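Analysis of the macromolecular model
So you can see what is in the structure, the chains are spelled out below.
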Amino acid sequence: MSELVRDRVVVNGPPAAVWAILENPAALGRVLPGAESIAATGPGRFHSVLATRIQFLTVRAEVDASFHDADPPHHLRLRLDGRPRGLAGSFSVSIPFDLEPADGPAGPGTTTKVSYTVDLQVTGRLAVFGAPLLRETMRRQIGVLVANVDRELGAAADRPSDA
């Protein structure tokens, strides 16, 4: 595996609220860029179809995701294993990330610093696109993901509670 991206972002909600999105397949489907379908296949396991635009080509992939080293709501390593439709090859992605409460405009602990690293291994035709293209695509998708998580957290805060 090679390190593709290492970064830190801030999302507008506490770590427990961010973690709740990870555990909810419907919420996860709303925030993952390009998620065409997502279904839980067991505790901490999901199967999805993801579509990603890489320059002139939209690549759809069957992806199995699994959670490892979970320490809710602080740490998780997400593993994605997939096969692009119509392209020979496969990919494996490992994304360890840490959630740390941070002070936000609404007060202490109201935002979350998310530190993450994306390690990627590709085989076959997908590897031909090269790391620079994949790196830029990954950065763009993470920006969309962060915006989607912020939107989802805002929508969850606006929903009436069941209590």
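These remarks concern the structure in this document. Every chain begins its residue count from 1, and numbering advances along the sequence as written. Totals for whole chains, interfaces and linings use every residue, but because this is a predicted model, local features are given only for residues with pLDDT of at least 70 and side-chain atom pairs only at 80 or more, for both listing and counting. Just so you know, side-chain values use all the structure's heavy atoms and leave hydrogens and water out.

1. Details of the nonpolar core
Grouping buried Ala, Val, Leu, Ile, Met, Phe, Trp, Tyr and Cys residues that are joined through side-chain atoms within 4.5 Å yields what is termed a nonpolar core. Each residue is placed in one exposure class: buried if its accessible area under a 1.4 Å probe, protein chains only, is under 20% of its type's maximum, exposed if it is over 50%, and partly exposed if it falls in between. One finds Ile 95, Phe 97, Tyr 116 and Val 118 to be the most contacted residues of the largest nonpolar core, which totals 38 residues. Setting aside chain neighbours within four positions, we find Val 118 in contact with Ser 2, Glu 3, Leu 4, Val 5, Val 93, Ser 94, Ile 95, Met 138 and Ile 142. Only heavy atoms enter the contact rule, under which two residues are in contact if any of them lie within 4.5 Å.

2. What about the pattern of salt bridges?
By convention in these notes, a salt bridge is any Lys or Arg side-chain nitrogen within 4 Å of a carboxyl oxygen on Asp or Glu. Scanning all chains against the criterion turns up six salt bridges. One salt bridge in this structure joins Arg 85 and Glu 62, with 2.5 Å as the shortest N-O distance. Highlighted residues: Arg 85 in the loop between β5 (75-84) and β6 (91-104) and Glu 62 in strand β4 (residues 57-71), separated in sequence by 23 residues. Overall, Arg 85 belongs to the partly exposed group, its relative accessible area being 44%. Residue Glu 62 is classed as partly exposed on the basis of its relative accessible area of 28%. A salt bridge links Arg 77 to Asp 69; the shortest N-O distance between them is 3.2 Å. Given a relative accessible area of 23%, Arg 77 falls into the partly exposed group. Numbering of helices and strands runs from the N terminus; a helix is a DSSP stretch of H or I covering at least four residues, while a strand is a stretch of E covering at least two.

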